[in-house]
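One letter stands for each residue in the lines below.
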Amino acid sequence: MDISLQQVGYLYGKDTPFEKRALQDVNATIDSGSYTAIIGHTGSGKSTLLMHLNGLLKPSEGVVQIGNAKISAGTKAKGLKDIRRNVGIVFQFPEHQLFEETVEKDIMFGPMNFGVSEVEARRRAHELIELLGLPPEVAQKSPFDLSGGQMRRVAIAGVLAFNPSVLVLDEPTAGLDPRGRKEIMDLFYRLHQQEKLTTILVTHSMEDAARYADHLIIMHGGRSVMAGTPEEVFSDETKLAEYRLGVPRSVKFQRDIEKLIGRTLPGLALTEEQLATAIATAAKEGGR
Ligand code: ADP
């Protein structure tokens with residue numbers, strides 16, 4: 001499902017004394033099947049933008065197009081139901097929204113509310129427990145008896161239970177330790193590839209954006225100020241610095257090494273593995 005934003009503006013508390021502009025003239029496209037990272041400082045408009053992606057907010061100005069559906073200021077709530085089911089959002093700390101007695105019931109709750117039969121919802125819940133790498137016996141446990149990382153997986157399963165074609169992730173690894181972070185990020189990448197899930201990641205981590213995404217959107221002061229592949233965006237360090245953003249650690253290292261050896265390495269090292277390969281190639285060539 002392709003998504004596009006055309007001249008989107010958003011005002012919180014419109015026409016009240018507390019009116020606050022959060023988005024201005026945002027233009028962006030997110031292609032079906034892509035993995036897009038949205039990057040920007042706190043207050044740059046990322047959360048407001050992502051709430052437009054499933055109709056939780058309607059633009060004050062401009063148009064948000066999700067598949068064939070167009071959402072503008074005047075769109076009626078009724079038209080948004082299908083969009084909500086097709087675009088799943090994993091909010092920060094999603095485990096805070098768990099509430100059922102058992103993990104199985106928690107995952108089944110959403111689909112059953114949308115009219116899916118109990119048998120089908122249970123089948124999907126067990127499939128997701130396995131897909132998310134949870135032991136089968138958690139199905140009958142209380143979600144509150146699980147570890148933090150496991151609770152997060154259950155909450156993510158609750159979003160995936162709708163079989164969304166677009167998955168929006170708002171800082172999905174916040175509060176997890178480094179190992180838990182990597183596991184969850186690798187899991188989303190696997191889902192993106194296996195299920196052809198269009199994935200949209202809001203992140204502060206340049207490393208995650210460089211490693212997983214194929215398209216980046218940079219937000220600054222409520223505007224989308226840069227967009228492109230990670231190679232394109234991270235090669236323009238000067239422009240990124242204008243938005244007080246940096247490049248991934250591997251790119252920083254690459255530039256430091258280039259200064260030390262007095263020549264440039266080929267390509268842009270978006271990950272540590274790519275950097276290691278570039279250094280090894282340069283070392284071999286230097287030894288000849
Ligand atoms: P980010 O997710 O990048 O931190 P937000 O979308 O949360 O940015 O915020 C964009 C701007 O909108 C900020 O100036 C913020 O203070 C303002 N804002 C966010 N939520 C609200 C709200 N509920 N009411 C009023 N202003 C808000």
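Residues numbered from 1 in each chain as written. Predicted model: local features only at pLDDT ≥ 70, side-chain atom pairs only at ≥ 80, totals over all residues. Heavy atoms only, no water.

A. Layout of the pattern of salt bridges. Counted according to the given criterion, the structure contains 18 salt bridges. Across the pair Arg123 and Glu120 runs a salt bridge, and its minimum N-O distance is 2.8 Å. With Arg123 and Glu120 both in helix 4 (residues 118-131), this residue pair falls three residues apart, about one helical turn. Residue Arg123 is classed as partly exposed on the basis of its relative accessible area of 42%. Judged by its relative accessible area of 32%, Glu120 falls in the partly exposed class. Linking Arg153 and Glu183 is a salt bridge whose minimum nitrogen-to-oxygen distance equals 3.1 Å. With a gap of 30 residues between them, Arg153 in helix 5 (residues 148-160) and Glu183 in helix 6 (residues 178-194) connect regions that are remote in the sequence. Judged by its relative accessible area of 36%, Glu183 is partly exposed. Each of the salt bridges in this network shares a partner with another, and the network as a whole consists of Glu120, Arg123, Arg124 and Glu127. (Salt bridge = Lys/Arg side-chain N within 4 Å of Asp/Glu carboxyl O. Helix = DSSP H or I, 4+ residues; strand = E, 2+ residues; numbered from the N terminus. Buried < 20%, exposed > 50% of the residue type's maximum accessible area, 1.4 Å probe, protein only.)

B. Representation of the site of the ligand. Taken together, Tyr12, Lys20, Ala22, His41, Thr42, Gly43, Ser44, Gly45, Lys46, Ser47 and Thr48 make up the full set of residues adjacent to the ligand. In the environment of the ligand, an oxygen atom lies 3.4 Å from a nitrogen or oxygen atom belonging to the backbone of His41. Broken down by secondary-structure element, the contributors of at least two residues to the shell around the ligand are strand 2 (20-30) and helix 1 (46-52). When residues in the shell around the ligand are grouped by element, the largest group, three residues, is from helix 1. By residue class, the composition of the shell around the ligand is two nonpolar, seven polar and two charged. (Near = heavy atom within 4 Å. Polar contact = N/O pair within 3.5 Å; in protein donor to acceptor, adjacent residues only side chain to side chain. Nonpolar A, V, L, I, M, F, W, Y, C, P; charged D, E, K, R; others polar.)

C. Geometry of the layout of surface pockets. Estimated volume of the largest pocket: approximately 590 Å³. Lining the largest pocket are 24 residues, with Ile89, Gln97, Gly158, Val159 and Phe162 positioned closest to its centre. Counting residues per element, the ones that place at least two in the lining of the largest pocket are helix 2 (81-86), strand 6 (87-90), helix 3 (103-113) and helix 5. By residue number, the principal contributor to the lining of the largest pocket is helix 3, which donates five residues. Broken down by class, the residue content of the lining of the largest pocket amounts to 15 nonpolar, six polar and three charged. Taken as a whole, the second largest pocket spans an internal volume of roughly 300 Å³. (1 Å grid on protein atoms, 1.4 Å probe; cavity = no way out; pocket = protein on both sides within 12 Å on 5 of 7 lines; lining within 4 Å. Points joined across faces, edges and corners; volume = space filled by probe spheres on them.)

D. Spatial organisation of the packing of aromatic side chains. On inspection of all chains with the given rule, the structure shows six aromatic pairs. Ring plane angle 90 degrees and centroid distance 5.0 Å describe the contact between Phe99 and Phe109, whose orientation is recorded as edge-to-face. Pair noted here: Phe99 is in the loop between strand 6 and helix 3 and Phe109 is in helix 3, with a separation of 10 residues, a long-range link. Residue class for Phe99 comes out partly exposed when judged on its relative accessible area of 45%. Chaining the aromatic ring pairs together yields one cluster made of Tyr35, Tyr189 and Tyr212. (Phe/Tyr/Trp six-rings, centres within 6.5 Å; stacked < 30°, edge-to-face > 60°.)

E. A look at the confidence of the model for the protein chain. The pLDDT averaged across the protein chain works out to 93; a share of 99% of its residues lies at or above 70. For the protein chain, helix 2 is the element with the lowest average pLDDT, namely 85, and strand 9 (residues 215-220) is the one with the highest, namely 98. (pLDDT = per-residue confidence, 0-100.)

F. Structural detail: the nonpolar core. Core analysis: the largest hydrophobic core is formed by 52 residues, its most contacted members being Ile107 and Phe234. Considering every element that reaches this core, the biggest residue donor is helix 5, with seven residues. Two domains each provide a minimum of three residues to this core, namely domain 1 (3-247) and domain 2 (248-288). Each residue touching Phe234, except ones within four places of it in the same chain, is listed here: Ile39, Met206, Ala209, Ala210, Leu216, Leu240, Gly246, Val247, Pro248, Val251, Leu268 and Leu270. (Core = buried A, V, L, I, M, F, W, Y, C linked by side-chain atoms within 4.5 Å. Domains from an automatic or database assignment. Contact = heavy atoms within 4.5 Å.)

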